[in-house]
Amino acid sequence: MPLFQVNPGAPARIVRSPRAIRAFVLAAALTLAGCAGQPASDSVEGMRIDAATVATPESSRRSAYEYHVLAGEMAIQRGHRDVAAREYVAALDYSNDRELAERATQIALFAGEAELAYRAAGTWAAAEPDSLDAQRTAARLALATGDASGLAVYARSLVAAASSTRTGYQLLADLLSGENDRADLAIDTLTDIAQRHPESAPAQHALGVVALRYGREQVASHAAERAVRLEPAWDGAVLLQAGVLIRAGETDRAQALISGLPGNDARRAQYHLTLARLMVQADQGEAALDAFDRALALAPDNADARYGLGVLALSVGDLERAATAFRRLYDAGDRPDDAAYYLGSIAERNDDPARAQQWYQRVENGSHAFESQVRAARMIWAQGDMAGARARLASLRETYPEMTDQLYAAEGQLLFEANRPADALAVYDAGLAAAPKSLELRYGRSLAYERLGRIDAAKADLQAVLDAEPDDARALNALGYLLANHSQRYDVARNYIEQALASDPDNPAILDSMGWVEYRMGHLDTARDYLERAYADYPDPEVAAHLGEVLWKQGEREAARRIWQDARADNPNHPILRETVERLDSQGNAP
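Reading the values: the criteria
All residue numbers refer to positions counted from 1 along the written sequence of the respective chain. Totals for whole chains, interfaces and linings use every residue, but because this is a predicted model, local features are given only for residues with pLDDT of at least 70 and side-chain atom pairs only at 80 or more, for both listing and counting. As a convention, hydrogens and water are excluded, and side-chain values are obtained from all of the structure's heavy atoms. Every helix listed is a DSSP run of H or I at least four residues long, and every strand listed is a run of E at least two residues long, numbered separately from the N terminus. Categorising residues by exposure relies on relative accessible area from a 1.4 Å probe, with only protein chains included: less than 20% of the type maximum marks a residue as buried, more than 50% marks it as exposed, and the intermediate range marks it as partly exposed. In this analysis, two residues are considered to be in contact whenever any of their non-hydrogen atoms come within 4.5 Å of each other. Per-residue and other accessible areas were derived by the Shrake-Rupley procedure at a 1.4 Å probe size, with only the shown protein chains allowed to occlude residues. Any carboxyl oxygen of Asp or Glu that lies within 4 Å of a side-chain nitrogen of Lys or Arg is treated as forming a salt bridge with it. Helix axes are fitted to C-alpha atoms over the stretch in contact, other axes to C-alpha atoms as well, and angles between N-to-C directions run from 0 to 180 degrees. For this classification, under 35 degrees means roughly parallel, over 145 means roughly antiparallel, 65 to 115 means roughly perpendicular, and everything else is oblique. Residue polarity follows a fixed list, in which Ala, Val, Leu, Ile, Met, Phe, Trp, Tyr, Cys and Pro are nonpolar, Asp, Glu, Lys and Arg are charged, and the others, Gly among them, are polar. Helix crossings fall into two classes, left-handed where the near helix is turned counterclockwise from the far one by less than a right angle and right-handed where it is turned clockwise. To estimate the expected span of a helix, count its residues, drop one, and scale the result by 1.5 Å. Only buried residues count toward a nonpolar core. Its members are Ala, Val, Leu, Ile, Met, Phe, Trp, Tyr and Cys residues joined through side-chain atoms within 4.5 Å. Exposure above 30% relative accessible area and no salt bridge define the residues that can form patches, which grow by joining like charges within 9 Å and nonpolar side chains of Val, Leu, Ile, Met, Phe, Trp and Tyr within 5 Å. Counted as positive: Lys and Arg. Counted as negative: Asp and Glu, with His and the chain ends omitted from the count. For this purpose, a charge sits on NZ of Lys, CZ of Arg, CG of Asp or CD of Glu. The rule is short: rings of Phe, Tyr and Trp, with Trp giving its six-membered ring, pair when the centres are within 6.5 Å, and they are stacked under 30 degrees, edge-to-face over 60, tilted in between. We count a charge as sitting over a ring when the NZ of a lysine or the CZ of an arginine lies within 6 Å of the ring centre and within 35 degrees of the ring normal. An arc is given here, and it is the one of the directions from the helix axis to the C-beta atoms. Within a predicted model, pLDDT stands for the predictor's per-residue confidence, ranging from 0 to 100.

A. Highlighting the overall build of the protein. When you go through the protein residue by residue, the secondary structure sums to 32 helices and two strands. Counting every position in the protein, which comprises 591 residues, the buried fraction comes to 47%. By sequence separation, contacts in the protein at least 24 residues apart represent 49% of the contacts at least 6 residues apart. Counting every atom, the protein has about 28,500 Å² of accessible surface; 47% of that belongs to carbon and sulfur.

Set out below in structure tokens:
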């Protein structure tokens, strides 16, 4: 039997049997094995041969197809993903086989070749019009590549391929919500569909959902009204209208809408849970807490509602309420690892390191597992046992070998905070010996160098970080602060800090640096403004030292004394704070 069965009635299609597919893969493997003794060329061009040169008049299409597939497989073996994508997509010129098209799409996506992937997905979608995966992939790539006409086609095909019209429009709304730079295209596409189907509540709903997610409240409002008018009993349409009201700040009206929906307690609890999430997205924390409470009043065992309540309460600083929620989750066996992590965080914020350590060590699985173990080590240090903390981190390096750099960085940070910069430097050096490309370790080492007075070495490490990541706000800030403290190149220092601040405008560490360089330049009022903003969000002893010094220079010595005394109460040995007070003392100006 020939490897490929050519259908004479459809010259553009080559149909493969499953046995032929396996045979071809084996043949490709044997061909590659036969080439193993030959020098492997890294040249992409060396792998390409014009298919026409190997084709014969009798089987030109088949030969070209076989060539491109084999060349694609060879490229995959050699790690040339872009070449593999081009070859597989080129094979589609000679076959519209659905399996080939799907594989070509996957290879091109893996290679990051969106245009090639879109071309292959178009063939796949045409070959499998009833395949939801094919239509969804083609629609997503049409959106990503900005093809309005293609998106219009595949959007309709996606809806048609879904199990129901409502499901199809929900899937389409999800798909069109993930590309912020394609908001206009997404909304235009759904607007056209909604206008073509004015009696379809799911079409109006999809438009409203996407418009709301992209902040087009007026479009969302009109679409929600149409959806509710068409299907007034549909909870999805009512929830959309509630979301529009929440975005407009009309939470009471939104609550009234939800309260009017029918259903048992569990169902109504879900409505209030959805409402709470919409309020969280709209930054309406207090109203969201109330909505979570309403959901729990209806369904006390709703773990999602209790988890949401706990996370939100923690974010707004209501530690007692958060602890109650997470403890109930943990005791009920619902999301125990997440609950233990947050209970550890609450204990840490309450300055109870022993309790925090206990909770962190109970986290065994999930996304917080590694972080919890590192935090547990930190809590051991917080209880005065640096040796125990370091031993714990060393043990974790054996458990998590792939996280070696982060664990060395955590150990170095502990030693740095304990004012043991020489020991921290030794740890960073050991870490970089094990993970020489780690920017985290290089950044940490720069701080140790600076504390030890090795300013040129600190600059070199920070510059190395910026050479690799020019927009790293943390490194930009650190280098600017370093120059402000150890040179008179204040303009250069401020330029670095301004770049960092543009990237992260509310970061208190960067605000502190900006305030400090302004102080060094003699701009006391400007410096005070930055430092007060930093201290309000982050009452760190170093920020306290800087703000106090500026106040002192402005003649507000009592205010400076209060800030220093508060900071020294918790951090009596902080080096920068102590140096600031001692320096002023040596000038006869001590508080």
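B. Just the pattern of salt bridges, in detail. Scanning all chains against the criterion turns up 35 salt bridges. We note a salt bridge from Arg213 to Asp174, for which the minimum N-O separation is 3.3 Å. Here the residue Arg213 occupies a position in helix 10 (residues 201–213), and Asp174 occupies one in helix 8 (residues 165–175), the gap between them amounting to 39 residues. Since its relative accessible area comes to 48%, Asp174 is described here as partly exposed. Put simply, Asp293 and Arg321 hold a salt bridge, and the shortest N to O gap is 2.2 Å. Placement of the pair is Asp293 in helix 15 (residues 285–298) and Arg321 in helix 17 (residues 319–332), with a sequence separation of 28 residues.

C. Molecular detail of the packing of helix 22 (residues 404–417) against helix 23 (residues 421–434). Where helix 22 contacts helix 23, the two axes come as close as 8 Å, and the packing angle between them is 170°. As summarised for this structure, helix 22 and helix 23 are arranged roughly antiparallel, according to the angle between their axes. Here helix 22 contributes Thr404, Tyr408, Ala409, Glu411, Gly412, Gln413, Leu415 and Phe416 to the contact with helix 23, which in turn contributes Pro421, Asp423, Ala424, Val427, Tyr428, Ala430, Gly431 and Ala434. For the contact of helix 22 with helix 23, the per-class residue count stands at 10 nonpolar, four polar and two charged.

D. Representation of the packing of helix 12 (residues 235–247) against helix 14 (residues 265–281) within the structure. Contact geometry for helix 12 and helix 14: axes closest at 10 Å, N-to-C directions at 30°. Helix-helix and strand crossings are classified by hand; for helix 12 and helix 14 the assignment is right-handed. Contacts from Asp235, Leu239, Ala242, Gly243 and Ile246 in helix 12 reach Arg267, Tyr271, Thr274, Leu275, Leu278 and Met279 in helix 14.

E. Here's a closer look at helix 6 (residues 132–145). Here helix 6 is 14 residues long and its end C-alpha atoms lie 20 Å apart, about the 20 Å a rise of 1.5 Å per residue gives. Where helix 6 is concerned, the buried positions are Ala134, Gln135, Thr137, Ala138, Ala139, Leu141, Ala142 and Leu143. Where helix 6 is buried, its residues contact helix 4 (98–110), helix 5 (114–127), helix 7 (148–161), helix 8 and helix 9 (183–196). Residue Gly146 follows helix 6 closely and has a positive phi angle near 75°.

F. Molecular detail of the nonpolar core. Grouped together as the largest cluster of nonpolar side chains are 120 residues, with contacts concentrated most on Phe326 and Leu393. For this core, the element with the highest residue contribution is helix 26 (residues 473–486), accounting for nine residues. Membership of the second largest hydrophobic core comes to 58 residues, among which are Ala120, Leu175, Ala194 and Ala224.

G. Representation of unusual backbone geometry. A positive phi angle, close to 60°, is found at Asp283, a residue other than glycine. In this fold, Asp283 is placed in the loop between helix 14 and helix 15. A positive phi angle, near 50°, is found at Arg335, a position not held by glycine. Looking at where Arg335 falls in the secondary structure, it is placed in the loop between helix 17 and helix 18 (336–349).

H. Local environment of a negative patch on the surface. Together, Asp351, Asp352, Asp566 and Asp570 make up a negatively charged patch on the protein surface. For Asp566, the position within the fold is in helix 31 (residues 557–570).

I. The packing of aromatic side chains, seen in detail. Per the stated rule, a full pass over the model turns up 10 aromatic pairs. Considering the side-chain rings of Tyr307 and Phe326, the 6.2 Å spacing of their centres and the 75° angle between planes classify their relative orientation as edge-to-face. Of the two residues, Tyr307 sits in helix 16 (residues 303–315) while Phe326 sits in helix 17, which places them 19 residues apart along the sequence. Each member of the pair, Tyr307 as well as Phe326, carries the same accessibility label: buried. One aromatic cluster is present, built from ring pairs that chain together Tyr307, Phe326, Tyr341, Tyr342 and Tyr360. Across the ring face of Trp234, the terminal group of Arg166 is positioned such that the distance to the ring centre comes to 4.1 Å.

J. Seen up close, helix 31. Its 14 residues give helix 31 an end-to-end C-alpha distance of 21 Å, which sits within 8% of 20 Å, the value for a rise of 1.5 Å per residue. All of the buried residues in helix 31 are Ala559, Ala560, Ile563, Trp564 and Ala567. For helix 31, the arc enclosing every buried residue in end-on projection is 125°, short of the 170-degree limit, so these residues lie on one face. Facing away from the buried surface of helix 31 by more than 90 degrees, the exposed residues are Arg562, Gln565, Asp566 and Ala569.

K. Representation of the confidence of the model for the protein within the structure. With 89% of its residues at a pLDDT of 70 or more, the protein has an overall mean of 88. Across residues 1–58, where pLDDT falls below 50, the model places 70 contacts with residues more than four positions away in sequence or in other chains.

L. The environment of Leu92, seen in detail. Structurally, Leu92 is set in the loop between helix 3 (81–91) and helix 4. The class of Leu92 is buried, set by a relative accessible area of 11%. For the pair Leu92 and Thr123, spaced 31 residues apart in the sequence, the C-alpha separation amounts to 7.8 Å. Aside from chain neighbours lying at most four places away, what touches Leu92 is Leu100, Ala101, Ala104, Ala120 and Thr123.

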